[in-house]
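The residues making up each chain are set out below.
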Amino acid sequence: MTARRPAISDTHPFTPSPVRPIPLADETRVAEVLDLAVRIGQVNLGSGMGASDTASIVRWVAAAYGLADLQVDVTYNSITATVDRGPTKSPVSAIRVITSPVIDFHRLDLADRLVRRIRRGSLTPQQARTELDHIAVAEHPHRAWVATLGWAVMAAAATMLLGGNLLIAGISFVTTIAIHLSRTRLDQAGLPVFFQQVVGGALAAIPALVLYNFEDRLGISVSPSTMIAAGVIVLLAGLSLVGAVQDAITRYPVTAAGRTVELVIMTGGIVAGVAAALRLAEFLGLRMPILAQVAPPDLTALPVKVVSGAILSAAFAVACYAHRRSLGAAAAAGAIGTLVQALLLIAGLGTVAAASIAATLVGFIGGLLARRALTPPLIIAIAGVTPLLPGLAIYRGLFALMTEQHILGISSTISAIGIATALAAGVTLGEWLARKTRRPRILRRASEVAVAAARSRLREVPVPYKQEAPLSTGTPAPTVATQSTPTPTPSTPSTLLMDEPELPPDSADSSGSKLPPGATATAYSEHPYMRELQAADDRRARSGSSRRH
């Protein structure tokens, strides 16, 4: 049987009725929950998540423990959260600073699973804090040398995607290993990231220029523009392009401005490195490559491009330490994006429009695939649009400006900026569409499990005090005395859903159908879990009716 369950990042957070709401008068417990929520947000923001999604997750975690009236402010490198405890009590605040943000799919995935467990009410604040401490020091799913190979395979796939041959792909493979190892050593030495990008851009260009000048003696054919563009794509992939535009669209201008400035500076470092290599080659009297025209799209090369796009996306996910269950979805998103963009270009659509439509489809399908893989949609989206990055347009614009082809250089540069913006905007729109789409089904024994979960939660959740956690956004619930009820011993249901907490069966407590003392039937009829139970019963009734007909 099947059930419907969205990934935590796919649903707009609302104020749930907490399993055991903490008293707002207890400043110590409020501060503990607030610090937990902000620390989870710190992990997500530092791993590449956008400001809007990070703020939503912070509110979700705090609301799960009863802190509904929460103000969250997310900037480029800090998160501040404040909870209002009423006019007679001072507010409680927490702040966290992100020191070195880097795209890390592994920690993003672990944080997503932790939030999902908190959402289901299976963890106390102390248990969640312990899990978060483990996430902070958790080892990656594979070693660093595997990630290095991921970057190298990504460069080789990018070369094939741009029309190169196996020889050029092999050279790009070796060159990227050298770039990654050198940047790792420079980072350990404390060199600023801008200069690391300069070194990476130079290393991407120098081997291409040298082999181009000795191709006659070696008896090979080398395309310097393809090799350099592949290196630029690899260097661009580690930047927060999608996050910068997404923050601007979702009305987080401060965070968007910070990420945009970083993106421009880091891209400038790549351009400076490539330009330095070209100037050095010209100074040494080497033969400069000719800026050839971009080949028109060809249907015969489409299978190679689609396969290369899939490999590129999967390799990027490996390089960012994604879990194995995310690799298939990332490869599918990359293949779909590459296929759609190529078909639109063959149909005569412009490069910016084609990139926008392809990225929208990647964001939409990626959001749905992320639910199947139980992984944040951001992982699928970023990996899926990586084959569409405008590495070749950036190189063409730079080379044209250096050779005084100003019109071509300016047009290529503007085209690269337009493609990058279209990719980020398309992914944002696609993820929004995925959120609005009917939740897909996930294989599990679920219809009964969902009903049992709703009923067991209803048994566990006493009607909270009105001033601390209202039962619903509609008619205010009456103020009743809170009495704790014994928690049923959980059993182990047969389920295929990974990392879900164990749910007590419907028959775990014979008195579970009774309301807690002091609670009224009217109050419980408005309870969110009661509405969830009723919705599950309605779905089962409709499903049975459709089968009979």
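Because the structure is a prediction, the values reported are computed rather than measured.

How each quantity is defined
Residues numbered from 1 in each chain as written. Predicted model: local features only at pLDDT ≥ 70, side-chain atom pairs only at ≥ 80, totals over all residues. Heavy atoms only, no water. Phe/Tyr/Trp six-rings, centres within 6.5 Å; stacked < 30°, edge-to-face > 60°. Helix = DSSP H or I, 4+ residues; strand = E, 2+ residues; numbered from the N terminus. Buried < 20%, exposed > 50% of the residue type's maximum accessible area, 1.4 Å probe, protein only. Polar contact = N/O pair within 3.5 Å; in protein donor to acceptor, adjacent residues only side chain to side chain. Contact = heavy atoms within 4.5 Å. Pairing = 2+ DSSP bridges. Axes fitted to C-alpha atoms, helices over the stretch in contact; angles between N-to-C directions.

A. Just the packing of aromatic side chains, in detail. Following the criterion strictly, the structure yields 3 aromatic pairs and no others. For the ring pair Phe 194 and Phe 195, a centre distance of 5.3 Å and an interplane angle of 80° mean the geometry is edge-to-face. Aromatic rings pair up to connect Phe 105, Trp 151 and Phe 316 into one cluster.

B. How the structure looks around the side chain of His 142. Structurally, His 142 can be placed in the loop between helix H4 (125–137) and helix H5 (144–161). According to the relative accessible area criterion, His 142 is buried, its value standing at 19%. Within the structure, the side chain of His 142 is placed 2.8 Å from the backbone oxygen of Val 318, a separation counted as a polar contact. If sequence neighbours within four positions are ignored, His 142 has contacts with Ala 147, Val 318, Tyr 321 and Ala 322.

C. Spatial organisation of the environment of Ser 326. Considering the arrangement of structural elements, one finds Ser 326 in helix H13 (residues 324–346). Ser 326 gets classed as buried once you look at its relative accessible area, which sits at 0%. As for Ser 326 and Ala 314, which are separated by 12 residues in sequence, their C-alpha atoms are 8.6 Å apart. Those residues in contact with Ser 326, other than ones at most four positions away along the chain, are Thr 375, Ile 379 and Ile 380.

D. Local environment of the sheet that holds strand S4 (residues 92–97). Pairing in this open sheet of 3 strands is antiparallel, and the strands run S2-S3-S4 from one edge to the other. The two strands at the open ends of the sheet, each matched to only one other strand, are strand S2 (70–74) and S4. On average, each strand axis in the sheet is tilted by 10° relative to the strand beside it, whichever way the strands run. The sheet contact formed by S2 and strand S3 (residues 78–83) spans 5 bridges and is antiparallel. Across the sheet, residue Leu 70 finds its bridge partner in S3, namely Val 83.

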